[in-house]
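Report on the structure
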Amino acid sequence: RMGYARDLRTLLLTKPVPFTEDIKRTHHVYYYLNIVNKLGGVVPAEPRPVISLKREELEWARCFLKEKGFSGADEALLGCAPGASFGPAKRWPPGRFSAALEGLARDLPAGALIFGGLEDTREAEAVEKGLTGVGVRCLNLAGKVNLRQFMALAGRLKLFITNDSGPMHIAAALGVPTVAVFGSTDPTLTGPVGSRVRVVKKDLECSPCFKRECPEPFHYECFEAVKPWDVVEAARGLLGEVV
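Residues numbered from 1 in each chain as written. Predicted model: local features only at pLDDT ≥ 70, side-chain atom pairs only at ≥ 80, totals over all residues. Heavy atoms only, no water.

1. Comments concerning the side chain of H27
In this fold, H27 is placed in the loop between α1 (21-24) and α2 (28-38). Here H27 is in contact with P187, T188, L189, T190, G191 and V193, once residues within four sequence places are set aside. (Helix = DSSP H or I, 4+ residues; strand = E, 2+ residues; numbered from the N terminus. Contact = heavy atoms within 4.5 Å.)

In structure tokens:
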């Protein structure tokens, strides 16, 4: 039983690892790999999570999209995950996802896939409504695909826009160009890890607060300050580097 000597668990560990303020302030990837290092394991200088897909999963995704009218022959595919299970202080407004995707879809051109769990249905439907209202082809898959199917479909995306969430880390590990919008949380601790990632966040005195909901009623200035154009600009820069 190995872990940090903190939170009253020290006596339960066979190999407690010292916990310091320095390690507390590192990205969670390094936070946990430090345990491996202290136990004598070899840790890479720049660790990057990688997710690999099976050939049959890639084929399923190709057939699924073709069946839905997204063959990829004449348009690219964008993706988004407008939800975040932690709470509203981690959710950029759906209307801004729609606006950013619209701007990028006109550039490429491209269609869009909307992802999320059943708990993200409301946000996903709002993004879908915003996109269909401006004539951008989209497919709302919130609550309709399992985790491995999401991975297979995400692997075919040209770009993924997301909040600080599980899908963000998955897309980054798949090597998909990923733009993440941060509000109440800190990208230096939980930001996406990969060579094709960008974080959009505004420096405010009240952020990061790490709250599930904004302490100030109807405030959410950390997200209000992030405009669709900020995300579009970050995405264009990222796609330019990938090309």
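Structure shown, so let's carry the discussion forward.
2. Examining the sheet that holds strand β7 (residues 178-181)
On the basis of which strands lie adjacent, the open sheet formed by six strands has the order β5-β4-β3-β6-β7-β8 and parallel pairing. Every other strand in the sheet has two partners, leaving β5 (138-140) and β8 (197-200) as the edge strands with one partner each. On average, adjacent strands in this sheet sit at an angle of 15 degrees to one another, irrespective of strand direction. (Pairing = 2+ DSSP bridges. Axes fitted to C-alpha atoms, helices over the stretch in contact; angles between N-to-C directions.)

3. Here we look at the packing of aromatic side chains
Using the criterion set out here, one finds nine aromatic pairs in the structure. Pairing F19 with Y31 gives two aromatic rings, centres 6.3 Å apart and planes at 75 degrees, and the pair type is edge-to-face. Pair noted here: F19 is in the loop between β2 (15-17) and α1 and Y31 is in helix α2, with a separation of twelve residues, a long-range link. Residue F19 is classed as partly exposed on the basis of its relative accessible area of 24%. Centre to centre, the rings of Y31 and Y32 are 4.8 Å apart; their planes meet at 85 degrees, and the pair counts as edge-to-face. Its end group placed over the ring of F19, R6 keeps NZ or CZ at 4.2 Å from the ring centre. Looking at R137, its charged tip hangs above the ring of F70, at a distance of 4.1 Å from the centre. (Phe/Tyr/Trp six-rings, centres within 6.5 Å; stacked < 30°, edge-to-face > 60°. Buried < 20%, exposed > 50% of the residue type's maximum accessible area, 1.4 Å probe, protein only. Lys NZ or Arg CZ within 6 Å of the ring centre and 35° of its normal.)

4. Re the nonpolar core
Core analysis: the biggest nonpolar cluster contains 31 residues, and W92, L131, L159, I161, V179 and V231 have the highest contact counts within it. Those elements giving two or more residues to this core turn out to be β3 (76-81), α4 (94-107), β4 (110-114), α5 (121-133), β6 (159-163), β7 and α10 (228-242). With six residues, α10 is the single largest residue contributor to this core. With residues near it in sequence (within four places) discarded, V179 still touches L159, F160, I161, T162, R198, V200, V231, A234, A235 and L238. (Core = buried A, V, L, I, M, F, W, Y, C linked by side-chain atoms within 4.5 Å.)

5. Section: α2
Listed as buried for α2 are V29, Y31, N34 and I35. Considering only its buried residues, α2 is in contact with β1 (2-4), β2 and α1.

6. Digging into the packing of helix α6 (residues 147-154) against helix α7 (residues 166-174)
It is the contact of α6 with α7, at a shortest axis distance of 10 Å, that shows an interaxial angle of 50 degrees. Judged by the angle between their axes, α6 and α7 are oblique. For the crossing formed where α6 meets α7, the hand is right-handed. When α6 is examined against α7, the residues L147, F150, M151 and A154 are found in contact with a partner set consisting of P167, I170 and L174. (Parallel < 35°, antiparallel > 145°, perpendicular 65-115°, else oblique. Left-handed = near helix turned anticlockwise from the far one by under 90°.)

7. Digging into the pairing of β7
Burial of the side chains of β7 extends over both faces: T178 and A180 are buried on one face and V179 and V181 on the other. Inspection of the sheet shows β6 paired to β7 by four bridges, in the parallel sense. Bridged to T162 within β7 is A180. Once you follow β6 into α7 and on to β7, the crossover reads as right-handed. By the bridge criterion, four bridges tie β7 to β8 in an arrangement that is parallel. Directly across from A180, in β8, lies its bridge partner V199. (Right-handed = clockwise from strand over helix to strand, strands pointing away.)

8. Details of the pairing of β6
Most of β6 sits out of view: five of its five residues are buried. Both faces of β6 are covered, namely the face carrying L159, I161 and N163 and the face carrying F160 and T162.

9. Quick notes on the layout of surface pockets
Considered as a void within the structure, the largest pocket measures approximately 320 Å³ in volume. Among the elements of the structure, α6 and α7 are those that each provide at least two residues to the lining of the largest pocket. It is α7 that contributes the most residues to the lining of the largest pocket, three residues altogether. (1 Å grid on protein atoms, 1.4 Å probe; cavity = no way out; pocket = protein on both sides within 12 Å on 5 of 7 lines; lining within 4 Å. Points joined across faces, edges and corners; volume = space filled by probe spheres on them.)

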